[in-house]
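A closer look at the structure
These are the residues of each chain, in order.
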Number of protein chains: 4
Amino acid sequence: MKPLRVTIWNEYLGDHSKHSPAGKLYPGGMHEHLKRALAAPDLEIRTAWLGKDINHGLSKKVLEETDVLLWWGHGAHGMVRGKVVDRIVKRVHEGMGFIPLHSSHMAKPFRALMGTTCTLRWNENKDKCVLWNVNPNHPITQGVPLHFRLEKEEMYGERFDIPKPDELIFVTWFEGGNVFRGSCTFTRGAGKIFYFHPGHETFPTYKDENVLKVIGNAIRWAAPGEKRDFQPNQKVKPLVEKA
Amino acid sequence: MKPLRVTIWNEYLGDHSKHSPAGKLYPGGMHEHLKRALAAPDLEIRTAWLGKDINHGLSKKVLEETDVLLWWGHGAHGMVRGKVVDRIVKRVHEGMGFIPLHSSHMAKPFRALMGTTCTLRWNENKDKCVLWNVNPNHPITQGVPLHFRLEKEEMYGERFDIPKPDELIFVTWFEGGNVFRGSCTFTRGAGKIFYFHPGHETFPTYKDENVLKVIGNAIRWAAPGEKRDFQPNQKVKPLVEKA
Amino acid sequence: MKPLRVTIWNEYLGDHSKHSPAGKLYPGGMHEHLKRALAAPDLEIRTAWLGKDINHGLSKKVLEETDVLLWWGHGAHGMVRGKVVDRIVKRVHEGMGFIPLHSSHMAKPFRALMGTTCTLRWNENKDKCVLWNVNPNHPITQGVPLHFRLEKEEMYGERFDIPKPDELIFVTWFEGGNVFRGSCTFTRGAGKIFYFHPGHETFPTYKDENVLKVIGNAIRWAAPGEKRDFQPNQKVKPLVEKA
Amino acid sequence: MKPLRVTIWNEYLGDHSKHSPAGKLYPGGMHEHLKRALAAPDLEIRTAWLGKDINHGLSKKVLEETDVLLWWGHGAHGMVRGKVVDRIVKRVHEGMGFIPLHSSHMAKPFRALMGTTCTLRWNENKDKCVLWNVNPNHPITQGVPLHFRLEKEEMYGERFDIPKPDELIFVTWFEGGNVFRGSCTFTRGAGKIFYFHPGHETFPTYKDENVLKVIGNAIRWAAPGEKRDFQPNQKVKPLVEKA
């Protein structure tokens, strides 16, 4: 069986300097950390980042060779070029899996795929949070307990302005009184999407084994199916003769 | 009770000339026909069209005074200005109802709200079609039989590249062997959307009493609720003191 | 317009004695309290309870004259007769609205309509809770803020073993670390169902104006639509001649 | 990897005699035919039928050793013992996959899991039908074209009185003017359910390669996940200390 081709994209700004809080936690950047932490025989992982090249490391060729794209962006959503966004959206329609992480709820490709503002409530009070599994038989939750806890995470809360998800996977509780539908799936065209909220860059979230298990499961779940072509509108002949 | 402010937008090209097939069926355009056919004490209906003015009749003010927007476009989707599209999308997010009809499955605001290609299969073989009510207790289907028939309609068929609808209302059967999820609802932000496929301009579809009943019901259903504000991301204080 | 015929059913055990904590809070029982609190010109409300008569006050006639049934049960689910349960289920299929409250998540008619165990996690630690509106444009949430708080409520938490709801309305946060999808809708046959978790009998929950607003909205939302008949299986002739 | 333990249950009445139309098509019964047709190294298939023993071949032990249960019943739904039905429902809640075929829309365990009447419209006019894939990236539709045709099948049509499915997989067109949401998924407890309408016993439907592919895919999709326990209601301690 051919390995799944995964591209981990990271803005790579806050974690760029090794003297920054995020840089200390994730030397070489979160993308390199995730690449190591998710390494497995069935995955072929590469990385890309905003400043890699004119395409942010996501040329047409790279995207065509990507089965599942992970995305971490925060402060520089506005710097991602429209052409690259369009290419990502097209690839999702064709079947590429897409996993926006944490603050990527505001990333251009996610918003274009959702059709909503994707805004939410937030604060950085280092809330404890508990993720509650509401979909225990879903491929994304296998090997993950019915609830797990992160000691510090950025609070993201309702009302989260997303379309009704296809599936709700975890609902998150935050210490300060908030809840969040921040682990949920969508389908757009032939592509599967999983948004997953944990991952503030100044906390060791991507070292948590449950968080990594969820992301790993989601990568396999989001693998493209058989190639299907819906584009463009197709003029077709009747299948059945009329009476 | 204040009447609901409805704007019926029509491309008004194929039905513009009174010598065209559509123009003969709908003198003055489909928008004027629908305005007359849907007239009711609880509705305050105005019309707009592509060539009305630089905003296609949809200035910021008109849209702010619109509770529900009906949309009929076909050949000139590309001519609708991006600025007007953005304004419509924003108003839907704020709560304006949106009812794209027939070939408006490819209209720019609908596609922007869906995040998919919205393509489908089609032919113009004048198929008989039957609309089957799969949601009999929905406000949109009250007063409409469990199935009704149109003698001639443009065939629109699966696979229709839309996100999973919030609700499926009718599923349509076409003579030539096709089916279509062409009557379905979505929510985007605070706005309700109902896509409804019947309405090829060369057939008397908008004179059918069941079609009109469905559109009339959908207008009332899509009325904005209480004003809510999700924009922008909101930094908030904890609601509850931490332990 | 004819008023909506509402029946409020209460087990009426814990609140029966005026010396019990619930009886002190709700003299005459929660059903009588709710009847008074929900009174409105468009509603015609009656009450019934477990010990009223052999049918628990829900004869065939009463149920046929009921448009929307509210249900509060807790300790005596097992005492509700199967015949009455079957009658309720049948009436929901025909279009009667059904609103099980609080501990009625284990009520026989609710479980029969869900097809799941409807079990959950709970404790009686008098948790503060916050209800977060995730469906701001839904008829059930009009006039209710985007979040509201109850100072003391029984904790009900995930994983709640229900089928995927048609709509999630509020998600509830509990002080002790739990979340709950305890405000959600289902359709069964032509009948609309709204489960709503607040209402432990020893807390003044049904005196909270937001809780009452939600229940009042839900009653109107759950009103039966046009009468439809799906029973029994129907042998039908082809609608369209074959080729 | 341990093979998936599949039990194919068949009423085995209409196909019992080798002189009956069904018996000629499926010598030894549809269950034995399906067992042969679905045979694969990753499946361990056994069969059971109504008259096999007092438990219809579905003892507690057999069900506990079953990962996925296929069910074909038609004329004898009423003869299936309540005790066996309860056991099946319980096993689905625990995670056993369940695949009711064709006329099993009226089977007791399916109806108990749905909470609706499951009635529909039907005729035996030997309609041609076309199954349209509306979920092209779903595991159940891999290797199956976007539409496929059966030359003769019993017509089953809307309005099908089921709860809103989790996922719609195929929508079926019938020659006589009907449509049917007869390929759809549900979750109940930890168990996955796929209802699939083709399979009238007097047509060679279960020899069609697309039908067999769908059933084979569905078996793998319905495999139980990790064991989870939701029963009974669980009194739990707070996870987080209160303020």
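Residues numbered from 1 in each chain as written. Chains lettered and ligands numbered in written order. Predicted model: local features only at pLDDT ≥ 70, side-chain atom pairs only at ≥ 80, totals over all residues. Heavy atoms only, no water.

1. Observations concerning the overall build of chain A
Rules: The secondary structure listing takes helices from DSSP runs of H or I that are at least 4 residues long and strands from runs of E that are at least 2 residues long, numbered from the N terminus. Between the two quantities, the radius of gyration covers C-alpha atoms and the globule rule is 2.2 Å times the number of residues to the power 0.38. Three exposure classes are used, based on accessible area relative to the maximum for each residue type with a 1.4 Å probe and protein chains only: buried under 20%, partly exposed in between, and exposed over 50%. Reported accessibility uses the Shrake-Rupley method at a 1.4 Å probe radius. Residues are deemed covered only where the shown protein chains occlude them. Note on charges: Lys and Arg go in the positive column, Asp and Glu in the negative column, and His and the chain ends are not counted at all. Lys charges are placed at NZ, Arg charges at CZ, Asp charges at CG and Glu charges at CD.
Regarding its fold elements, chain A presents six helices and ten strands. In summary, chain A has a C-alpha radius of gyration of 18 Å against a globular reference of 18 Å for 243 residues, a match within 12%. When its C-alpha atoms are laid out on the principal axes, chain A stretches across 70 × 40 × 35 Å. The buried share among the 243 residues of chain A stands at 66%. Put simply, chain A shows about 8,700 Å² of open surface, and 54% of that area lies on carbon and sulfur atoms. Distance between charge centres in chain A, computed from 35 positive and 27 negative side chains, equals 4 Å.

2. Observations concerning the relation of the copies chain A and chain C
What counts here: The fit set for superposing copies consists of C-alpha atoms from residues with pLDDT of at least 70 in both; the fit itself is least squares. Only heavy atoms matter for contacts: two residues are in contact if any of them lie within 4.5 Å across the pair.
Between the two copies, chain A and chain C, the superposition gives an RMSD of 0.0 Å; the rotation angle is 180 degrees and the shift along the axis is 0.0 Å. Those values place the two copies in the arrangement expected of a two-fold rotation axis. Both copies share a contact surface, since 100% of the interface residues of chain A are interface residues in chain C too.

3. Focus: the environment of Tyr156 of chain B
Residue and element names in this part refer to chain B. Selection criterion: Identification of polar contacts relies on pairs of N or O atoms within 3.5 Å, with a donor-acceptor requirement for protein atoms, meaning one able to donate a hydrogen and the other able to accept it, and with residues adjacent in sequence counted only if both atoms are side-chain atoms.
Take Tyr156: it is sitting in strand β6 (residues 147–157). Tyr156 sits in the buried class, given a relative accessible area of 2%. Separated by 123 residues in the primary sequence, Tyr156 and His33 place their C-alpha atoms 23 Å from one another. What Tyr156 contacts, discounting residues up to four positions off in sequence, is His102, Ser103, His105, Leu120, Arg121, Trp122, Phe174, Val179, Phe180, Tyr195 and His197. Among the polar contacts listed, one links the side chain of Tyr156 to the side chain of His102, at a separation of 3.5 Å.

4. Remarks on the interface of chain A and chain C
Inclusion rule: Reported buried area values correspond to the accessible surface (1.4 Å probe) lost by two parts on association, with both partners' losses combined.
Between chain A and chain C, the residue contacts involve 26 residues of the former and 26 residues of the latter. Both faces considered, chain A and chain C share a buried interface measuring about 2,000 Å² in area, 66% of it formed by carbon and sulfur atoms. Counting across the interface, chain A meets chain C through six residue pairs in polar contact (both at pLDDT 80 or more). Counting only elements with at least two residues in the side of chain A that touches chain C, the list comes to β5 (121–133), β7 (167–174) and β8 (178–188) of chain A. For the side of chain A that touches chain C, the element with the highest residue contribution is β7 of chain A, accounting for six residues.

5. Side note on the interface of chain D and chain C
Inclusion rule: The working definition used for a salt bridge is a side-chain nitrogen of Lys or Arg within 4 Å of a carboxyl oxygen of Asp or Glu. We call Asp, Glu, Lys and Arg charged. Ala, Val, Leu, Ile, Met, Phe, Trp, Tyr, Cys and Pro are nonpolar, and the rest, Gly among them, are polar. What makes two strands pair is DSSP finding at least two bridges between them.
With 43 residues of chain D at the interface, the matching set in chain C holds 43 residues. Carbon and sulfur atoms supply 50% of the area buried between chain D and chain C, which totals about 3,600 Å² over both sides. Where chain D packs against chain C, one counts zero salt bridges. At the junction of chain D and chain C, the tally comes to 18 residue pairs in polar contact (both at pLDDT 80 or more). A per-element tally of the side of chain D that touches chain C places strand β5 (residues 121–133) of chain D first, with six residues. Looking at the side of chain D that touches chain C residue by residue, the class counts come to 16 nonpolar, 15 polar and twelve charged. Pairing geometry for strand β5 (residues 121–133) of chain C and strand β10 (residues 234–235) of chain D, over two bridges, is parallel. Note on β10 of chain D: the bridge partner recorded for Trp122 of chain C is Lys235 of chain D.

6. What to know about the packing of helix α2 (residues 30–38) of chain A against helix α6 (residues 209–221) of chain A
Residues and elements named next belong to chain A. As a reminder, the rule being used: Note on method: axes are straight lines fitted to C-alpha atoms, helices fitted across the in-contact stretch only, with angles between N-to-C directions ranging 0 to 180 degrees. Here the angle decides the label: under 35 degrees means roughly parallel, over 145 means roughly antiparallel, 65 to 115 means roughly perpendicular, and every other value means oblique.
Running from N to C, α2 and α6 cross one another at 80 degrees; their axes reach a closest spacing of 11 Å. In terms of orientation, α2 lies roughly perpendicular with respect to α6. Contacts between α2 and α6 involve Leu34, Ala37 and Leu38 from the first element and Leu212, Ile215, Gly216 and Ile219 from the second.

7. A few points about helix α2 (residues 30–38) of chain B
All names here are of chain B. Convention followed: It is the directions from the helix axis to the C-beta atoms whose arc is reported.
All of the buried residues in α2 are Met30, His31, His33, Leu34 and Leu38. Along the long axis of α2, the arc covered by the buried residues comes to 160 degrees, so they all point the same way. Looking at the packing, one finds that the buried side of α2 touches β1 (4–10), β2 (43–49), β3 (68–72), β4 (97–101) and α6 (209–221).

These figures come from the coordinates and say nothing about function on their own.
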